[in-house]
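Here's the letter readout for the chains.
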Amino acid sequence: MTDAIVRFLQLYQQRLIVAFATHFLYVLISVSIAFVVAVLLAILLSRIRGLASVLIPLLSVFQTIPGIVFVGILFLYNGMTASTVVIALTIYAVFPILKNSYVGIIKVDDQYKEAARGCGMSPMQILWKVELALALPSIISGFRISVVYTVSWAVIAAMIGMGGLGEIIYSGIMSNNNVMILGGAIPAAIMAILLSRLIDVARSRLLPRSMRRGIT
Amino acid sequence: MITFENVVKTYGDTRVLNNLSFEIAAGEFTVLIGPSGCGKTTTLRTVNRLIEPDSGRIFINGQDILQMDKVALRRSIGYVIQQIGLFPHMTVQQNICVVPKLLRYDKSRCDEIAHEMLSLVNMPYEKYAHKYPYELSGGQQQRIGVLRALAASPPIVLMDEPFGALDPITRSILQEEIKKLQRKLNKTIVFVTHDMDEALFMADKIIFMEKGNIVQMASPEEMLENPASELISSFMGKRVRGSDQSQKTAADVMIPNVYTCYRDYGVRESIEIMARRSVDSLVVLNPDQTYAGTVSVRTIRDDAKQHKTIETLIRQDNPTVFTDEDAQECFQKLLDGSYGYLVVLRSDRTLAGIVTKTSVARALADLVWGDNGSDVI
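Parameters at a glance
Residues numbered from 1 in each chain as written. Chains lettered and ligands numbered in written order. Predicted model: local features only at pLDDT ≥ 70, side-chain atom pairs only at ≥ 80, totals over all residues. Heavy atoms only, no water. Core = buried A, V, L, I, M, F, W, Y, C linked by side-chain atoms within 4.5 Å. Buried < 20%, exposed > 50% of the residue type's maximum accessible area, 1.4 Å probe, protein only. Contact = heavy atoms within 4.5 Å. Pairing = 2+ DSSP bridges. Helix = DSSP H or I, 4+ residues; strand = E, 2+ residues; numbered from the N terminus. Axes fitted to C-alpha atoms, helices over the stretch in contact; angles between N-to-C directions. Expected span 1.5 Å × (residues − 1). Arc of directions from axis to C-beta.

Engineer: When you look at the nonpolar core in this model, what are you seeing that I'm missing?
Structural biologist: For soluble globular proteins, nonpolar side chains are generally found buried alongside one another. Counting residues in hydrophobic clusters, the biggest one holds 92 residues, and the most contacted among them are M121(A), V130(A), I2(B), F4(B), I60(B), F87(B) and L158(B). Apart from residues lying up to four places away in sequence, I60(B) is in contact with M1(B), I2(B), V47(B), I65(B), L73(B), I77(B) and I156(B).

Dropping the structure here:
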């Protein structure tokens, strides 16, 4: 077994590095776009609650469509490009961030908004300094969920031949090579763990002491 | 000076403010009071335009506030709410400096303000400035709530039931603090409450509202003497009627602050206490605070030389009553016996106070004054 691993690493080192980097870029780009879109959308929905009660259930249903189906459809319209992968991943990554941010914002207690208004904050200042600041723990946990999920979802890039660690996993499946399957899966798992650790560290740096309570 | 001119506010079919016109003088502590739904909070919130009236005009120092920029107006008026509303993600200092920062004061000025403000309520800067609200008690939180309202030195401060969520003891401490602070800083304070005791204690002027109208606007003394309506009388219930005499107990007519000594005190020490307080006897306590007896200057003088401590001089024949004893019985005992006072004990035999002829007289005077000299006696 050890032999097999060593041989695999020797043979596929180059390919593994490229696949890892590609995979990481897909995650980075789609989660970044998703973050901006989701937070903006959450702010919008928190202002128009009626819309939220329609849109959020709709999106959660959409979330249950398997990624493969969705990538397949998108592939028909958008072709075999990296943008197809990024669009698909982004759309999936939006939901956890959106939901958490939305809940975080609407759960901000009225007393803080009332106090902020009474202090003479403008609506924009209330949004930034009070609502988003207080929703931050929730926004970050949504972001963390999206990052971890997207690392595993990015495997589907290989479905339309667009690289990433999925490519190695699929090659392994096709050739019935267990070492190769693990060779793709383990780096993906490591990536997910490292990224979520990184977010945890960033969170404890970002949040004031009073808001780190009760979060593990 | 705050002036309301024919201010009307309607929600659906209900008129919450019915053509209100009144004036609040600068530097005055005005309390808005009334049953819930009377429009007191709505009135308060129109002053900083958290609520916009449907019609009418409101002036601050002659300036029509409805023509002013809302945000700028609010920055120039302090605002304290019942839920306190300190921002949980900000430290005490950051909370205090919210308005100064909105007004773009520089950092050193903000630091200065935080120091100054915390010293107003005797909370040491080093100890509290960098704490978060959750690390403070309710009373401390509301002190910071008040400081946040005062930080940018607004001439007017609005307070919406600021002590409503606090326990009675903290509440009365804060009432005193705020009253002192208001006198010291000479602020115009508009204060909403539904607690008449609070209103009577705090107010220079009380505005009593009912169903969107002002029923009476008067000083506390005047309102006590001439309540304008049944409702106001009932709000001031216990103050006005003073309840009837038969319900009074020893606890109501006693003096709670009594000069005491312990049974192991020296004779000289005890005489010293009596001399300093100008009394001729002391209540003696056991080390566990329970009642041991009394010691009077006469017995000490008779045979003081032979004794080192008062232990052997303690007499137990002074009449005692418990706190729930009927006040009239107490008075009878006092008149019957040859003793100057009754010792009042709690059920666990600790000392509650003493009843003297003077203290009974004072309780009666309260009754007379409270009921405006009418029928009880």
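Engineer: Explain the sheet that holds strand β4 (residues 55-60) of chain B to me, please; I cannot follow it from the model alone.
Structural biologist: Strands pair in a sheet through their backbones, by hydrogen bonds, and they do so in one of two ways: parallel or antiparallel. Residue and element names in this part refer to chain B. With antiparallel pairing, the four strands of this open sheet are ordered in space as β2-β1-β4-β5. Edge positions in the sheet fall to β2 (14-24) and β5 (63-64), since each of these pairs with one other strand and no more. For strand β1 (residues 2-11) and β4, the ladder comprises five bridges, and the chain directions are antiparallel. Bridge assignment links T3 to a residue of β4, and that residue is F59. Helix α1 (residues 40-47) rests against β1, β2 and β4 of the sheet, and its axis sits at about 60° to β2.

Engineer: Is there a simple way to explain helix α8 (residues 168-185) of chain B in this structure?
Structural biologist: For an α-helix the count is 3.6 residues per turn, leaving residues at separations of three or four pointing the same way. Residue and element names in this part refer to chain B. Compared with the 26 Å implied by 1.5 Å per residue over 18 residues, the 25 Å span of α8 between its first and last C-alpha is a close match. Buried residues of α8: T170, R171, L174, Q175, I178, K179, L181 and Q182, and no others. Each buried residue of α8 sits inside an arc of 165° when the element is viewed along its axis, so together they form one side. Seen from the buried face of α8, the exposed residues on the opposite side, beyond 90 degrees, are I169, K180, R183 and K184. Buried-residue contacts for α8 involve β3 (29-33), α5 (107-120), α7 (138-150), β7 (156-160), β8 (188-193) and α9 (196-202). N186 sits one or two positions beyond α8 and adopts a positive phi of about 55°.

Scope: geometric values only; no functional claims are made or implied.
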